[in-house]
Amino acid sequence: MSSAAQSPARTYRVRTYGCQMNVHDSERLSGLLEAAGYTAAAEGDDADIVVLNTCAVRENADNRLYGNLGHLRPVKDARPGMQIAVGGCLAQKDRGEIVRRAPWVDVVFGTHNVGSLPALLDRARHNAEAQVEIVESLEVFPSTLPAKRDSAYSGWVSISVGCNNTCTFCIVPALRGKEKDRRPGEILAEVQALVDQGVLEVTLLGQNVNSYGSDFGDRGAFADLLRATGRIEGLERVRFTSPHPAMFTDDVIAAMAETPAVCHQLHMPLQSGSDDVLKRMRRAYRQERYLGIIDRVRAAMPDAAITTDIIVGFPGETEEDFQQTLEVVRRARFASAFTFQYSKRPGTPAAEMDGQLPKEVVQERYIRLTALQDEISWDENRELVGRRVELLVAAGEGSKDAARGRLSGRARDGRLVHFTAAGGVRPGDVVETVVTQAAPHHLVADGPLLSHRRTRAGDASEAGTRPTTPGVSLGMPQVGVPAPLPVLSSGC
Ligand code: SF4
């Protein structure tokens, strides 16, 4: 237990920005601090330790970080002993620059040494001096660190960190390094530990899950992992993110279709529908391949919901290129899409490219794209009116509908459903109901429930307990050659 925690427990708060990988890492930061004797600050209270887990993907990421640090300065001035720590991708990129611009920051740590936080906080306090520690490659898999989970019923399980691709708009490889794969046995052990604590759903997480296994030379490793995860007794839902169209193989489609626990939901980033733009993005696939995957997924799983990411206004994108993107969107019939206006990211090849488009051109295309996608999402949702759906009841996903006395849950295809229920339904429980209305970004089910299954996850939600994974003291886990995959049958 660190020295600081010998006095009355100091409180902490972790603020997370960016992607699911940061959400995953923040659960580790909370787990590490609790293992070091800190306790989570109550909602609304100032905390003794504030940790900002940053993202570097968007142009305004810097402004947001320094803006937040500016707001924290007077809080710290009024609270002797308070400490501020900055981690994540922007810390990995900006390093000492952060304490130069915000000298009231106590600790800066990177994406490869998440586990160092408690020791760095101690050292900063002991030496009364800011500690900046950034390492160039992964020390330990964050997944092996203690974790305090956010949800009682759903868990993020990282299968790899880093990325071997070099998409020209993306800063991730520079900040999270080359891909490193976890051993399948460790991943399955983590999933089992979550299921043992009542978790019903896991999301396998990686920058590019389709290349999982490239580290140990097994091209079929991801499909095998999906099947093995789906065989874990008590696990009802398996999801994964993010796949990559260039490496997406048919064995994954078969594993999805043939493993009952794997949800028929696929989030596959398109980024652009134009072959010329995809080439300049260095995305290693073209329109035809992308649509071919969609067709094969739909042939194997007609009920699959497919979502995507699209960037509008990439340097040099012509109106003709943009029309290609609209054409793919019309043909792919995505359930929904995360659409982004291209944002110049210093340090990426695309930021140096000719043909940077004026903001108003990008904005105008963005409006056309989102209007088309909203129309398609709504049409696709209308098809589901009258459909019976099984929902995993969610916490905090429907505040607006809570005012109408509705709860919210996620269907197996990932869609958000606001539903009416008599009392006694808790986040983590499972209900069945019938869709009565469709909206562009959600469904509504106002009829009586067809069934309500109280679950251990629901009990945990009600009790306010969260699954914890104690961290695996394997010492330095050997990156690369995996332990053989245990054949999962009861008792393995
Ligand atoms: S696949 Fe491309 S966009 Fe995704 S993390 Fe890797 S480099 Fe970035």
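Here, the structure is the one placed above.
So, how was this worked out
Residues numbered from 1 in each chain as written. Predicted model: local features only at pLDDT ≥ 70, side-chain atom pairs only at ≥ 80, totals over all residues. Heavy atoms only, no water. Helix = DSSP H or I, 4+ residues; strand = E, 2+ residues; numbered from the N terminus. Rg over C-alpha atoms; globule rule 2.2 N^0.38 Å. Buried < 20%, exposed > 50% of the residue type's maximum accessible area, 1.4 Å probe, protein only. Pairing = 2+ DSSP bridges. Contact = heavy atoms within 4.5 Å. Axes fitted to C-alpha atoms, helices over the stretch in contact; angles between N-to-C directions. Near = heavy atom within 4 Å. Nonpolar A, V, L, I, M, F, W, Y, C, P; charged D, E, K, R; others polar. Core = buried A, V, L, I, M, F, W, Y, C linked by side-chain atoms within 4.5 Å. Phe/Tyr/Trp six-rings, centres within 6.5 Å; stacked < 30°, edge-to-face > 60°. Lys NZ or Arg CZ within 6 Å of the ring centre and 35° of its normal. Salt bridge = Lys/Arg side-chain N within 4 Å of Asp/Glu carboxyl O. Right-handed = clockwise from strand over helix to strand, strands pointing away.

Asker: Looking at this model, I keep getting lost on the overall build of the protein. Mind explaining?
Answerer: The helix and strand inventory of the protein stands at 15 helices and 23 strands. Here the C-alpha atoms of the protein give a radius of gyration of 23 Å, agreeing with the 23 Å that 2.2 N^0.38 yields for 492 residues. Across its three principal axes, the protein shows a C-alpha extent of roughly 60 × 60 × 50 Å. Taking all 492 residues of the protein together, 54% fall into the buried category.

Asker: Mind showing me how you'd approach the sheet that holds strand β1 (residues 11–16) here?
Answerer: Across a sheet, paired strands are connected by hydrogen bonds in the backbone, their directions being either parallel or antiparallel. Judged by pairing direction, the sheet is parallel, and its six strands sit side by side in the order β2-β1-β3-β4-β5-β6 without closing on themselves. Each of the sheet's edge strands pairs with one partner strand only, and the pair in question is β2 (39–40) and β6 (131–133). Direction of pairing for β1 relative to β2: parallel, over a ladder of two bridges. In the strand pairing of β2, T11 is matched with T39. Most of the contacts of helix α1 (residues 20–35) go to β1, to which it runs at about 170°, and overall it touches β1, β2, β3 (49–54) and β5 (107–109). The sheet contacts of helix α2 (residues 61–77) involve β1, β3 and β4 (83–88), and relative to β3 the element is tilted by about 180°.

Asker: Can you help me understand the site of the ligand in this one?
Answerer: In the neighbourhood of the ligand, the contacting residues comprise C163, N165, C167, F169, C170, V172, P173, Q207, H244 and R283. Of the residues contributing to the shell around the ligand, the split by class is six nonpolar, three polar and one charged.

Asker: Honestly, the nonpolar core in this entry has me stumped. Any pointers?
Answerer: Across soluble globular proteins, nonpolar side chains have a tendency to be buried as a group. Core analysis: the biggest nonpolar cluster contains 62 residues, and L204, F222, L226, F240 and V297 have the highest contact counts within it. Broken down by element, the residue count for this core peaks at six residues, all from helix α8 (residues 221–230). Each residue touching F222, except ones within four places of it in the same chain, is listed here: I159, L204, V209, N210, Y212, F240 and V252. Among the nonpolar cores identified, the runner-up in size contains 27 residues, and A41, A56, L72 and V86 belong to it.

Asker: Would you mind going over the packing of aromatic side chains with me for this structure?
Answerer: For any two aromatic rings, the description comes down to two numbers: the centre-to-centre distance and the angle of the planes. As enumerated under the stated definition, the model contains five aromatic pairs in all. Where F222 meets F240, the ring centres are 5.2 Å apart and the plane angle is 80°; that geometry is what we call edge-to-face. Taken together, the residues F222 in helix α8 and F240 in strand β12 (residues 237–241) connect sequence positions 18 residues apart. Lying across the ring of Y66, R101 places its NZ or CZ 3.6 Å from the centre.

Asker: Could you clarify how one ought to interpret the pattern of salt bridges in this entry?
Answerer: Side chains bearing opposite charge may pair, as long as their charged atoms lie close to each other. A full pass over the atoms with the stated rule returns 39 salt bridges. Notably, a salt bridge pairs K93 with D94, separated by 2.8 Å at the nearest N-O pair. The class for D94 is buried, based on a relative accessible area of 13%. Among the ionic pairs, E390 bridges to R412, the shortest N-O distance being 3.6 Å. Taken as a pair, E390 in strand β16 (residues 388–393) and R412 in the loop between β17 (406–411) and β18 (416–420) lie far apart in primary sequence, 22 residues in all. One salt-bridge network, held together by shared partners, links E27, R28, R149, R182, R183, E186 and E190.

Asker: What's the story with the pairing of β12 in this structure? I'm lost.
Answerer: Strand residues, when the strand is regular, have side chains that alternate between the two faces of the sheet. The buried count for β12 comes to five of five residues, which makes it a mostly enclosed element. What joins strand β11 (residues 201–205) to β12 is α8, and the crossover it makes is right-handed.

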